[in-house]
Amino acid sequence: MTKRYIVQTMGCQMNVHDSRRIEEVLRASGWQATDEATLADLVIFNTCSIREKAEHKLMSALGTVRPLKDARKDVVIAVAGCVAQQEGENLLKKARFVDVVLGPDNIPELPALVEHARSGGAPIARTVFDVHAPAFLDATPDPTRLEVNAFVTVMKGCDERCTYCVVPHTRGPERYRSADEIVREVGSMVDGGVREVTLLGQTVNSWFEPRGETQSSAEPSSEPPRWAGSVVETSQFAELLRRIAREVPALARLRYTSPHPRHLTDALIEAHAELGVLSDHLHLPVQSGSDRVLKRMLRRYTRGLYLERIAKLREAVPALTLSTDVIVGFPGETDEDFEETLSLVRAAGFTAAFAFKYSPRPFTPALKLGDDVPEAVKDERLQRLFAVVGEQQRAHLDGLVGSRQRVLVEGPSRDGVRFQGRTHRNEIVHIAGPEGVDLTGQLVDVTVEHANNHSLMGLAEGVVPAAPAPRRKRLPVLGGAAGGAA
Ligand code: SAM
Ligand code: SF4
């Protein structure tokens, strides 16, 4: 009899990526996907614990499957991802009908754990990091699903220890994937029809080639100490980007997320200037514009360093747009600190931002700082921040009306009439095209006719034949020492 699973994904791109690997591991063991929870023999929640709200989401989602489990004892309920890693066996006590708790590094064990539950085994938690033999699950995409974009992991874990963040606890220490594996995966995805790849990692631009199978940052290494408050020069990420561009010339677009400002090296800026395949957009989390707050967050850069890095990047790629992450209401954040954040948001000209109210998390150093910014103040700061970014986004989009943009079409728009895609930067464009032609996966030249608050509307002028991305003109080597606070 066919065994059916359903995966509900919560949280960031990392979880979207992990859910894909979960599905592939299950399909390889004879499972089939269903969209209907009531038809499923296995329900998996791939969870996020970055903010308290995300954790509440899991508890209410679990509540919705409780009746299913009550009606059919053989249905297996599994919780994967960051809440699973954070809570481990505790989660089996908190939600007694959960059968399997699975950490991000234990995905390959899922089919066996589910069979254990189906044959009457006791509830089980497996949340062990693969620190001594880091492994990255190769993607084996479903050939019947046309994917235009795909994620490829280049590293996992995080060593940064930002004081508000639970990720080092839920994802473990940094471990790096070899360039050979990364390039092979990008290549096989492109062979399978993928046009755009996003490289993933918590500090993706800190990537370097692992030396030997068991190397991870948990082991002693000869790298310089990571507390230095300037740009760190140990990354080989720029070379990785060059290698991908060289060895997978059919790739239409290359993005990466999330870079850390202190790993934005001159070499990486040069790669942006040189590689046509790299998007002219960067999501570069800043978190705060106040040095006082950045220090308490242990972000290991200053406002001055951040602004200096993006100025260099803009010099190299004048068309570049930037987006960011901001936390408002970090413990001790004053009105003046927040004004500094607003002024940085203006100075950087962000055209988009993900902004969050500070949420105290277990196992984080900031817990001892309390949570002293009142909720109403956090709300007000969030609204003011969104208003500034919204204005900047609108002005930027208005400025594109009448221009011609090359858009990678991702699929039909929600209205069912147009297609939707993204420009080489990251603007969302709704496209009116020739009737009866499926533009999905095509690069299309579009004349922008209208700007909405968050997207553009345009008319398809012609499909670009698939060809390698052009190399940009090579710019002179960028001079000057990296880093330096203003
Ligand atoms: N590694 C990335 C970085 O350094 O920016 C992002 C990791 S995290 C999944 C995504 C975002 O969640 C962060 O950039 C931060 O803005 C936000 N975040 C993390 N911890 C938070 C907390 N305790 N409260 C509110 N927002 C938080
Ligand atoms: Fe969290 Fe900081 Fe690591 Fe990002 S860099 S995952 S915010 S600890």
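Residues numbered from 1 in each chain as written. Chains lettered and ligands numbered in written order. Predicted model: local features only at pLDDT ≥ 70, side-chain atom pairs only at ≥ 80, totals over all residues. Heavy atoms only, no water.

What about the environment of Ile244?
Working step 1: Within the secondary structure layout, Ile244 lies in helix α8 (residues 237–247).
Working step 2: By relative accessible area, Ile244 is classed as buried at 0%.
Working step 3: Sequence separation between Ile244 and Ala179 is 65 residues; the distance between their C-alpha atoms is 8.8 Å.
Working step 4: Beyond its immediate stretch of four places on either side in the chain, Ile244 contacts Ile182, Val183, Val186, Leu199, Leu251 and Leu254. (Helix = DSSP H or I, 4+ residues; strand = E, 2+ residues; numbered from the N terminus. Buried < 20%, exposed > 50% of the residue type's maximum accessible area, 1.4 Å probe, protein only. Contact = heavy atoms within 4.5 Å.)

Let's talk about the nonpolar core
Working step 1: Val186 and Leu199 are the most contacted members of the largest nonpolar core, which has 63 residues in total.
Working step 2: Among the elements that line this core, the one with the most residues is helix α7 (residues 179–191), at six residues.
Working step 3: Membership of the second largest hydrophobic core comes to 22 residues, among which are Val75, Ile77, Ala84 and Val101. (Core = buried A, V, L, I, M, F, W, Y, C linked by side-chain atoms within 4.5 Å.)

Considering the sheet that holds strand β6 (residues 124–126)
Working step 1: Taken in spatial order, the six strands line up as β2-β1-β3-β4-β5-β6 in an open sheet, and their pairing is parallel. The open sheet is flanked by β2 (31–33) and β6, the only strands paired with a single partner. Put simply, the sheet's adjacent strands are angled 25° from each other on average, direction ignored.
Working step 2: Each of β1 (3–9), β3 (42–47) and β4 (76–80) touches helix α2 (residues 52–71); the most contacted strand, β3, lies at about 175° to it. (Pairing = 2+ DSSP bridges. Axes fitted to C-alpha atoms, helices over the stretch in contact; angles between N-to-C directions.)

Quick word on helix α13 (residues 375–398)
Working step 1: If you check α13, its first and last C-alpha atoms are 34 Å apart, about what 24 residues at 1.5 Å a residue would give, namely 34 Å.
Working step 2: Burial in α13 covers these residues: Lys378, Arg381, Leu382, Leu385, Val388, Val389, Gln392, Gln393, His396 and Leu397. (Expected span 1.5 Å × (residues − 1).)

Here we look at the site of ligand 1
Working step 1: With respect to spatial proximity, 15 residues lie near ligand 1, and among them Tyr164, Gln202, Gln287, Asp325 and Ser359 are the closest.
Working step 2: In this structure, Gln287 approaches ligand 1 through a side-chain N or O atom, which is 2.7 Å from an oxygen atom.
Working step 3: Contacts to ligand 1 include Arg299, whose side-chain N or O atom sits 3.3 Å from an oxygen atom.
Working step 4: If ligand 1 stood free it would expose 560 Å²; the protein chains cover 91% of that surface.
Working step 5: Those elements that provide at least two residues to the shell around ligand 1 are β13 (321–328) and β14 (352–357). (Near = heavy atom within 4 Å. Polar contact = N/O pair within 3.5 Å; in protein donor to acceptor, adjacent residues only side chain to side chain. Areas by Shrake-Rupley, 256 points an atom, 1.4 Å probe, with all protein chains shown as cover.)

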